[in-house]
Amino acid sequence: MKIRYFAAASSLVALALSAPAIAAEDAGAITVLATGNSQPVDETGQSISVVDLAEIQSIQGPDLTRVLTRLPGVSFARAGGLGATTSFFVRGANSEQTLVMIDGVKVEDTAAPSGGYDFANLVSGGVGRIELLRGSNSVVWGSNAIGGVIAITSRELNGAELNFEGGSNSTFDAGATLGIARDAYAVTLNGGYISTDGIPTRTTDTRANGFHQTRLSTRARLRLAQGLNLVATARYADGQVGVDSYDWVLGYVNRGEVQSSEQVSGRVGLEYSADKYSARLGISQSSLRRGYIDPTVQSTEYSSYLGRSTRIDGAAHVDLPYFFSADVGGEAMWNHARSYYFTPGAVNDANIASGYGLLGWRAFGLSLSGGLRVDSHSTFGTHTTFGANGTYYLIDDVRLRASYGEGFRAPSLYQLFDPYSGNKGLKAETSKSYDVGLEKGDRSGKLYGAVTWFHRDINNQIDYDLSTSTYANLGRTRAEGLEFETGLRPVDALQLRALYTFVRSTNQTAGSSALGKDLARRPRHMVTWSADWKTPLAGLAIGGDIRVVSSSFDNAANSNRLAGYALVGLRASMPVGDHAEIFGRIENLTNERYAVVKDYNSYGRTASLGLRAKL
C-alpha cells in the first residue's frame, strides 16, 4: 500500500516538472481568504484553492463532499448517508477547528458541544464558488481558523436555470435559479428540494434513515454611487433526517426518531472600491435550530437546541507609496445558545471583539505580508495572533511560497457553561502552523503543479477530563505532511488532475495513554485522479474519478482500525438543443464496502440521471 502512495506522489511530481511548456495561462483566481479583501491567489504565500461553478457542475450531484475531497489536505467522516452528521478535517485538524463561511456569514453551530459546522445541512444547489485556505489564519478570520477556512459563495446569474435529477435510494433533487444582472444592480434567487430514502445508518440497522430538505437563498447588489454598492445575501434551509435512538439496554436502535434542522443566515453591507482603496462594512446573523422527535417517547419534540450568532464586521485595503499596502479590519460577535430537554434548559451568551492590521509589500516578483490581531473575549480575556507569508516568482510562472500562521479557537458555549461538564475557566485553543511550497501556474490553467510541506502544532486543546468530569485545556496535537497537486489541459477539451496528500496527525499530550497515536478518522494517505473530456461526438462530455484512501483508526487508542478503500466514479453529460443538457453518473462503480466511521454504513454503488435547462 505504501509503495502505491509513493508511486502516485512521484508521478505527480514528474508530470508537473517534466510537462512541456504551455503558453497562454488563464487569468489567475481571485481570493478573499488571505487578507479579507480580494486579491489574486498568486500574490499570497498561503495555500489556497479555488473551485469555480464549472468544476462544481462537472462533478454533479448535491453532495459537496465529492467536491471538497478533490482538494489537497481534505478528509471527511460521515455517520451514514446524506443528511447524517458530516465533518471535514483540513490537514488533520478537528472539524470545529476549521472556520466555515457562507456568503461572508460565519455559520458555526453555537449550540453544539464543539461549536463546529455540520456539512450535512449544505448541498451544492445554488453554490457558485468554493475557496479553501489550508493552514492557520486567525489574524484575518479570528476564532476557529486553526486548520483553515472554507468560504462558500452563492452564484450570481443573469437568466434562469432549472435542474432536477433522480437516482438510487429513491433520491430526488430539484432546483431553480433565476436572476438578473446589470452593471448597476443584480438579484439572484435560488430554491430547491432534495429527498432520499437513504441507507441504514448503522451496520446493525434493518431499515434506512431518509433525509429531505427545502432550501431558499438570494443575493443582491445595488450601485449607490460610483464604486459604492449595497450588497445583501440570505439563506434558509429546513430539513429532516432519520436518526438512531439510544436505548440503555439495546444500544443504538432505529425506532423512527427524526432530527429536524432549520437554518437561517443573512448579511447586508456596503462595499466600496476605487483605484487604490477598497472597504466593506456589514452586519450578519446565523441561526440553527435542531429538534428531536422520538415517537416511542412522545409525539412532540422532547429535545431542541438553538444557536445564534450576530456579527458586525469591517475591513479596508489601501495601496501605499513605494509598493506598500495596508489591510485593516475588525469585528464584534455575539453568540447565544439555549436548550430544551423535556424542560427548558440553560440560556448562555458570550461575545468577542477584535481588530487586526496587515502590512504588505509587492514588487519585482516578490510579495510579502504580515500582521497582528487582538481579540477580547468575555470569558477568557485577551488573545493576540500573528501571521506572515510571502511568495517569489523564480522564473516565469513558477513561484516559491511560504507562510507562518497562528490560530485560535474560543471555547464553545457548551464547553463553558454546560451545568454538568462546563468550565468557565477555559482558555482558547491555540495553533502555530508553517508551510513551504513550490507552485507552477494556476489551478484552472493549462498546466499546474504544486508541492507543499506543512507542519502545525495545537496547544490547549479542549478535551473532556475524566478525573473532574469537566472540560479542560488538556490536549496537544501535531500534524505534518506533504501535498502534491497537478493539473494538465493539453487541449481545451481535456482536463486531467491528480493529487496526493500525506498527513500524520498525532496526539502529543504529555502523560496521555494516546501519546504518539494517530488522531481518530485521519487517514495518512489520500490519492485522487480525475479526468474530464469533451468528446467530438455531439458535445458528449465524459469524466471520472478514482480516490484511494489509506486505513485509519476510529478511536484515540488506535484499537479500532478502519480499512482503506478505493472509489471509482464515472459521469457524462450531453447537450439537448441549445439550452439544455442531460447528465448522469455512477458513484462507487465497484460497489466497494467501506466505512469512514466504525459501525456506520457508507453508500454502495449508486446511479443518477438528470436534466439541466438554461434560459
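Residues numbered from 1 in each chain as written. Predicted model: local features only at pLDDT ≥ 70, side-chain atom pairs only at ≥ 80, totals over all residues. Heavy atoms only, no water.

Visitor: I'd like a description of the overall build of the protein, backed by residues and values.
Guide: If you tally the helices and strands in the protein, you get 5 helices and 35 strands. Taken against the 2.2 N^0.38 rule, which gives 25 Å for 615 residues, the C-alpha radius of gyration of the protein at 24 Å falls within 12% of a compact globule. In terms of overall dimensions, the protein has C-alpha extents of about 65 × 60 × 55 Å along its principal axes. Counting all 615 residues of the protein, 55% fall into the buried class. In the structure as shown, the protein presents an accessible area of about 26100 Å², 59% of it carried by carbon and sulfur atoms. Across the protein, the centroid of the 58 positively charged side chains sits 2 Å from that of the 59 negatively charged ones. (Helix = DSSP H or I, 4+ residues; strand = E, 2+ residues; numbered from the N terminus. Rg over C-alpha atoms; globule rule 2.2 N^0.38 Å. Buried < 20%, exposed > 50% of the residue type's maximum accessible area, 1.4 Å probe, protein only. Areas by Shrake-Rupley, 256 points an atom, 1.4 Å probe, with all protein chains shown as cover. Lys, Arg positive; Asp, Glu negative; His and termini not counted. Charge placed at Lys NZ, Arg CZ, Asp CG, Glu CD.)

Visitor: Could you give an account of the packing of aromatic side chains, with specific residues and numbers?
Guide: Evaluated as defined, the whole model comprises 19 aromatic pairs. Seen from their ring centres, Y414 and Y471 are 6.2 Å apart, and the 75° between their planes marks the pair as edge-to-face. A residue pair is termed long-range when its members are at least 10 positions apart, and Y414 in helix 5 (residues 413-417) and Y471 in strand 27 (residues 470-491) qualify at 57 residues. Just above the ring of F89 sits the side chain of R522; from NZ or CZ to the centre is 4.2 Å. Above the ring of F583, the side-chain terminus of R612 is found at 4.8 Å from the ring centroid. (Phe/Tyr/Trp six-rings, centres within 6.5 Å; stacked < 30°, edge-to-face > 60°. Lys NZ or Arg CZ within 6 Å of the ring centre and 35° of its normal.)

Visitor: Quick rundown of the nonpolar core? Include the residues and the values.
Guide: Looking at soluble globular proteins, one finds that nonpolar side chains tend to be buried together. If you look at the biggest cluster of nonpolar residues, it comprises 23 residues, and the most contacted ones within it are V67, L68, Y117, F119, L122, I130 and I152. For this core, the elements supplying multiple residues, two or more each, are helix 2 (53-59), helix 3 (65-68), strand 4 (74-78), strand 5 (86-90), strand 6 (98-102), strand 8 (127-134) and strand 9 (148-154). It is strand 8 that contributes the most residues to this core, 3 residues altogether. Sequence-distant contacts of F119, defined by excluding residues within four places in its chain, comprise L68, T86, F88, V100, I150 and I152. Core analysis: the second largest hydrophobic core is formed by 18 residues, L33, A145, V149 and A315 among them. (Core = buried A, V, L, I, M, F, W, Y, C linked by side-chain atoms within 4.5 Å. Contact = heavy atoms within 4.5 Å.)

Visitor: Can you tell me about the confidence of the model for the protein, naming the residues and giving the values?
Guide: Scored by pLDDT, the protein has a mean of 92; 95% of the residues are at 70 or more. Scored below 50 in pLDDT, residues 1-27 shows 42 contacts in the model against residues more than four places distant or in partner chains. (pLDDT = per-residue confidence, 0-100.)

Visitor: Before we move on, could you go through the pattern of salt bridges and cite the residues and values that matter?
Guide: Applying the stated criterion across every chain yields a total of 42 salt bridges. We note a salt bridge from R290 to D109, for which the minimum N-O separation is 2.9 Å. Residue R290 is found in strand 18 (residues 277-293), and its partner D109 is found in the loop between strand 7 (105-106) and strand 8; the two are separated by 181 residues along the sequence. With respect to burial, R290 and D109 carry one shared label: buried. For R280, the salt bridge goes to D313, with nearest N and O atoms at 2.6 Å. Of this pair, R280 sits in strand 18 while D313 sits in strand 19 (residues 303-319); the two residues are 33 residues apart in sequence, bridging distant segments of the chain. Residue R280 is classed as buried on the basis of its relative accessible area, which comes to 18%. When salt bridges that share partners are traced, they join E55, R70, R443, E485, R497, D532, D545 and R571 into one network. (Salt bridge = Lys/Arg side-chain N within 4 Å of Asp/Glu carboxyl O.)

Visitor: If you had to explain the side chain of R215 to someone new, which residues and values would you point to?
Guide: Along the chain, R215 falls in strand 13 (residues 209-225). In terms of polar contacts, R215 uses its side chain to reach the side chain of D173, at 3.5 Å. With residues near it in sequence (within four places) discarded, R215 still touches V123, G125, D173, A174, G175, N190, G191, G192, Y193, I194, Y236 and A237. (Polar contact = N/O pair within 3.5 Å; in protein donor to acceptor, adjacent residues only side chain to side chain.)

Visitor: Describe empty space enclosed by the protein, naming the residues involved and giving the relevant values.
Guide: With the rule as written, the count across this model stands at 18 cavities of 30 Å³ or more. As a volume, the largest cavity reaches approximately 710 Å³. As for the largest cavity, its lining consists of 39 residues, and the residues nearest its centre are D63, T65, R66, L567 and E587. Residue assignment for the lining of the largest cavity shows that the elements contributing at least two residues are helix 3, strand 4, strand 10 (159-167), strand 30 (541-549), strand 33 (565-576), strand 34 (580-587) and strand 35 (606-614). In terms of residues, the lining of the largest cavity owes the most to one element, strand 33, which gives 6 residues. Within the lining of the largest cavity, the residues separate by chemical class into 14 nonpolar, 15 polar and 10 charged. (1 Å grid on protein atoms, 1.4 Å probe; cavity = no way out; pocket = protein on both sides within 12 Å on 5 of 7 lines; lining within 4 Å. Points joined across faces, edges and corners; volume = space filled by probe spheres on them. Nonpolar A, V, L, I, M, F, W, Y, C, P; charged D, E, K, R; others polar.)

Visitor: Mind laying out the sheet that holds strand 7, listing which residues take part and the relevant values?
Guide: Spatially, 3-8-9-6-7 is the arrangement adopted by the 5 strands of the open sheet, whose pairing is mixed. Either end of the sheet is taken by a strand with one partner, and the two such strands are strand 3 (47-52) and strand 7. Sheet topology note: the strand 3/strand 8 ladder contains 6 bridges and is antiparallel. The partner of I48 across the bridge, within strand 8, is L133. (Pairing = 2+ DSSP bridges.)

Visitor: How would you explain the environment of A332 if you had to name every residue and give the values?
Guide: By the secondary structure assignment, A332 is in strand 20 (residues 324-341). Sequence spacing of A332 and H377 is 45 residues, and the spatial spacing of their C-alpha atoms is 10.0 Å. In contact with A332, not counting residues within four places along its chain, are T310, R311, I312, I352 and A353.

Visitor: Please provide a residue-by-residue account of the pairing of strand 27, values included.
Guide: Note that strand 26 (residues 447-465) and strand 27 share 17 bridges and pair antiparallel. Looking at strand 27, one finds that Q461 is bridged to G475. Adjacent in sequence and paired antiparallel, strand 26 and strand 27 are bridged by 4 residues, among which S469 carries a positive phi angle near 60°. In this structure, strand 27 lies alongside strand 28 (residues 494-507), joined through 13 bridges in antiparallel fashion. Looking across to strand 28, one finds that F484 is bridged to Y500. In textbook terms, the turn of a hairpin is the stretch between consecutive antiparallel strands, and for strand 27 and strand 28 this stretch comprises 2 residues.

Visitor: Tell me what's going on with the pairing of strand 6, and back it up with residues and numbers.
Guide: It is a general feature of regular strands that their side chains alternate between the two faces of the sheet. Burial analysis of strand 6 places 5 of its 5 residues in the buried class, the great majority of the element. Burial along strand 6 is two-sided: T98, V100 and I102 and L99 and M101, pointing in opposite directions, are all buried. Bridging between strand 6 and strand 7 involves 2 bridges; their strand directions are antiparallel. Counted as the bridge partner of M101 is K106 from strand 7. Linking strand 6 back to strand 7 in an antiparallel pair, the connection comprises 2 residues, with D103 at a positive phi of about 55°.

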